Each structure stands twice: as C-alpha cells, then as structure tokens.
Amino acid sequence: MSQMIVVGLQWGDEGKGKIVDLLSPAFDVVARFQGGHNAGHTVRFGERHLTLHLLPSGIVRPQVSCVLGNGMVIAPDALREEIEGLERQGIEVGERLFVSARAHVILPTHVLLDRAREEARGEARIGTTLRGIGPAYEMKAGRCGVRIADLDSDDLIELLRAQHQRIAPELANLGAEPPPKPSALLAACRQQAEWLAPWTCDVAVLLDRWQGEGKRILFEGAQGALLDLDFGTYPYVTSSATTAGGVAVGAGVPPRRIDGVLGVVKAYATRVGGGPFPTELDDGDDGIGEHLRRRGNERGTTTGRPRRCGWFDAVAARYARLLSGVDLLALTKLDVLDELDEIRVCVAYRAGGREIQELPAAAAELARLEPVYETLPGWRQDTRGALQLADLPAAARSYVVFLEQAVGAPVALISSGPRREETILLDHPELKRLLGDRYAAVRAHRDGP
Ligand code: IMP
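Treat the numbers as computed from the prediction; the structure is a model and nothing was measured.

## Looking at the packing of helix α3 (residues 108–121) against helix α4 (residues 133–141)
Their axes nearest at 7 Å, the elements α3 and α4 cross at an angle of 115 degrees. Along this stretch, α3 crosses α4, giving a crossing that reads as right-handed. Judged by residue contacts, H110, L113, D114 and R117 of α3 engage I133, P135, A136, E138 and M139 from α4. Its residues placed into classes, the contact of α3 with α4 shows 5 nonpolar, 1 polar and 3 charged.

Shown next, in the form of structure tokens:
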C-alpha cells in the first residue's frame, strides 16, 4: 500500500505537473486537495503539450482515477472547459473523475471581488490570478459558501442571497460593477449541478474504501509552501493549505495513512505576483534574472505573466521541507543553469550585521533581509535530456549534492528538460520503497513512446 504526497517547496511553478505525470504509472489514483484553477500544471511528452488547471496531472493516463477533494474551490465552467478541451485532444475523462460534494464553488461574484480588490490595492496588490480563489475561500471560512452539494439544494437561493449581501456593498465601495442578482445565478447553478452529478461523491469515503482495497494514491499539491495561507509570505499568499498537512483536511485522509512526501524544487527560484523575494535578481535586460526567465520560459501558465527569477533560497526551502516532512526531493530545471559561470545559493539572511537562519513571519521583515550567498562553479555544458547522474558534469553533480545538504533531504529525481523523457530517475531506496513493484513501470513510462 502506498499513499504519497507531492508538494511544491517554493512559490509554485516548481514543475509538479511533470513529476506527477512521471510517477503516475505507480498509482491508481491522483487526487488534488487544495486550490483551484489558479494552478497551471504542464505535462509534455512526445509532441503533446497539455496544461491542466483543475484536473490532476494523472488524467493523462487512462488507467488513473482522478479526484478533486473537498479542500478545493471549483469553478464548474472552468472544469467543463478543461474537460472538453482534453476530450478534443482524445483524452476521455468519462467515469474516471470524482468530485467532492463538499468542495466550494467559485461564483462569478468572487471573480468580480478578486479583480476589484486587486485594482484598489494598486502597487500593494497581491498579484492574484484573478480567478476568485481568495473570495471563495473567504466565504467558506465565513460559513456562507456554496458547495457542490448545495448547487441543487432548496436552500441555494438563500446561500446566494447571503453572499450577495456580503459582496455587493464592498463592490459598490470599490466602484466596481454590481454583482449579478442571486436569481440570475440560480439557473446556471442548477445546470452545473446536473452536469456535475455523475462525478459528485463523498471523496473521504471513497479514498478510505480505495485505501482498504490496496489502491495506491498520489496527492498532487498545487502552488507551493511559500504561498501557504499559514506558513507562506503572508499576506502575499494563496488562500489554501499548500503543505502536506493540507491532504488531511483537503481530502479527508488520516495523516497516519500517508507513507511518504516528495518535495519538488526548481534549481533556482521564481515567484509570480507581489511579495518579498530575497534572492530576486532584478539585474536588467542583460542580467542573470532575465537569462533565467528566457531560458527557463518563466511565464505564468495560468496568467501568462512573466515570473520574477532569482537564486535558490535554501533557508526558505529548508523551512518548506520541515513543514511537509519531505522524505525525497525532485529537482527540476537543472538544465536552465547550463550557461552560467557561477551559481549562487542563499544559505542564510543578514539583518543589521546579524545572520538569520529562519524565515521571519512578517513579510516586511523578510523584504528587508539581505541574502547570504555561497557561490558554486557553473558547468557551462549542455545537460538537457540527461538520463543518468553520470551524464551530468562534475560541477552539476556537486550543485545537486550542495542543495541536498542545504535543504536537508536527498534528491531522487532530476528533471533535465520539460519533456517526460528528459528525467534522471535515481536508484534511491526510499523512492523504490514508495513506488514498490511499480518502480520499473515508472522507468518504462519515462523511456516509453
Ligand atoms: P490566488 O491564488 O489567485 O489568490 O493568488 C495568490 C498568489 O498566489 C499570487 O501571488 C499568485 O501569483 C500566486 N499563485 C496562485 N496560484 C499559483 C500557481 O499555480 N503558481 C504560482 N503562483 C501562484
């Protein structure tokens, strides 16, 4: 039996989609447990290039069942668009999808509020994905959210009215367009309920049954630890629990059932939107930041915004490792560093002559800190598509070992390019334990057509 979690250890965009796709032959089920269509997970194999926002990356494999957990916020129309898009590309979702009746619904009013607030914040904007994620979670915590189960209930109009009463005055204050009337939303909600009905279920009960039957389940995190509502760089965060603990509350899984956690880290750091980023390289058009952005194709998958780029922050990654109890690391985009003469890693922060080894809670304090760097030699050699550790130059191998020690967990996978086949799968005993007799299937999947 194996239940494994994959989470991002930075500010999202670590390449989780590729890693989940690669590991999916070892699992019968892939489940999401938080977030919504703010995520953008990319899967590339052969000539195919798929972007997933709500559906787990396991959907690409016809044998895998896919779950949207109660901890998610779901925009039914976005889900429909995604499913139809996949079906046009020959990927049938059919009976493989299971959606929690307890997941909350993102309403058009949430999107209006997200936009109006961001505009009003001006320079201090969070830089959200404008998908209505924050307001939907806010209504959930405020106990007037609409859940999938409510879409066809007799109480729906009352719930819509309660939300309207909270949201309409704020939109008016912000000078935004008025929200649609509750009665105008009702018909669309009813249609969504009917369309979602075949997939709607109690995910906690389903996962419990599947676990009892020995099915292997992979939990796919979205965003990253530094965007976590509690532990991230608050308030510049998303509104959900992005660490491994999110699985317990976001899918109804007892923590003791989890066998292992894989943390995904990119070989450097990126961030989309506002908020502190101590290792950011704001060094102009000819600088290393721009080089990483171009070579790493660092643009938001969901919003198309250019990502801010910088050096690897080992202080932040160490904290993220600790929060999720990470057993193994997957290191992505190592090849993006191929042309650099030297590479820096932030190993501490400095404030007023004092060295700090921990991430401060206040965003303003983090923004004031100076990174303390270790400088490592670059390798100036093409590593794209490397399939084994021995294919990497010595300096690249040293960089991997340095990161393992700085973060405090061993690397089991190294991504050497965006495609599924461009991956080094290490012979790590812990990875073998977690994947069990399906380790060979994962290897074959990497090498397959
Ligand atoms: P929200 O999740 O749309 O509310 O956005 C809050 C913050 O999280 C913003 O800084 C977004 O750019 C960031 N964010 C949300 N989803 C992702 C993601 O999938 N990758 C990277 N950043 C994200």
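Here the narrative resumes.
## Considering the domain arrangement of the chain
When cut into domains, the chain gives domain 1 (3–96 + 202–447) and domain 2 (104–195). Placing the centre of domain 1 and that of domain 2 at their C-alpha centroids yields a distance of 29 Å. Here domain 1 packs against domain 2, burying approximately 1800 Å² in sum over the two surfaces, 60% of which is carbon and sulfur. At the surface where domain 1 touches domain 2, the tally comes to 0 salt bridges. Where domain 1 packs against domain 2, one counts 8 residue pairs in polar contact (both at pLDDT 80 or more). For the side of domain 1 that touches domain 2, the leading source of residues is helix α2 (residues 76–88), giving 5 residues.

## Thoughts on the side chain of T238
When you line up the elements, T238 lands in the loop between β10 (217–220) and α8 (246–251). Judged by its relative accessible area of 11%, T238 falls in the buried class. At a separation of 3.4 Å, a polar atom in the side chain of T238 contacts the side chain of N38.

## Quick notes on the site of the ligand
Near the ligand lie 15 residues; those nearest to it are D13, N38, T129, T238 and V272. Contacts to the ligand include D13, whose side-chain N or O atom sits 3.2 Å from a nitrogen atom. Within the backbone of V272, a nitrogen or oxygen atom sits 3.1 Å from an oxygen atom of the ligand. Isolated, the ligand exposes 470 Å² of accessible area, and the fraction of that covered by the protein chains is 96%. Considered class by class, the residues forming the shell around the ligand number 6 nonpolar, 7 polar and 2 charged. Residues from two domains meet in the shell around the ligand; each of domain 1 (3–96 + 202–447) and domain 2 (104–195) gives at least three.

Parameters at a glance
- Residues numbered from 1 in each chain as written.
- Predicted model: local features only at pLDDT ≥ 70, side-chain atom pairs only at ≥ 80, totals over all residues.
- Heavy atoms only, no water.
- Axes fitted to C-alpha atoms, helices over the stretch in contact; angles between N-to-C directions.
- Helix = DSSP H or I, 4+ residues; strand = E, 2+ residues; numbered from the N terminus.
- Left-handed = near helix turned anticlockwise from the far one by under 90°.
- Contact = heavy atoms within 4.5 Å.
- Nonpolar A, V, L, I, M, F, W, Y, C, P; charged D, E, K, R; others polar.
- Domains from an automatic or database assignment.
- Buried area = accessible area lost by both parts, 1.4 Å probe.
- Salt bridge = Lys/Arg side-chain N within 4 Å of Asp/Glu carboxyl O.
- Polar contact = N/O pair within 3.5 Å; in protein donor to acceptor, adjacent residues only side chain to side chain.
- Buried < 20%, exposed > 50% of the residue type's maximum accessible area, 1.4 Å probe, protein only.
- Near = heavy atom within 4 Å.
- Areas by Shrake-Rupley, 256 points an atom, 1.4 Å probe, with all protein chains shown as cover.

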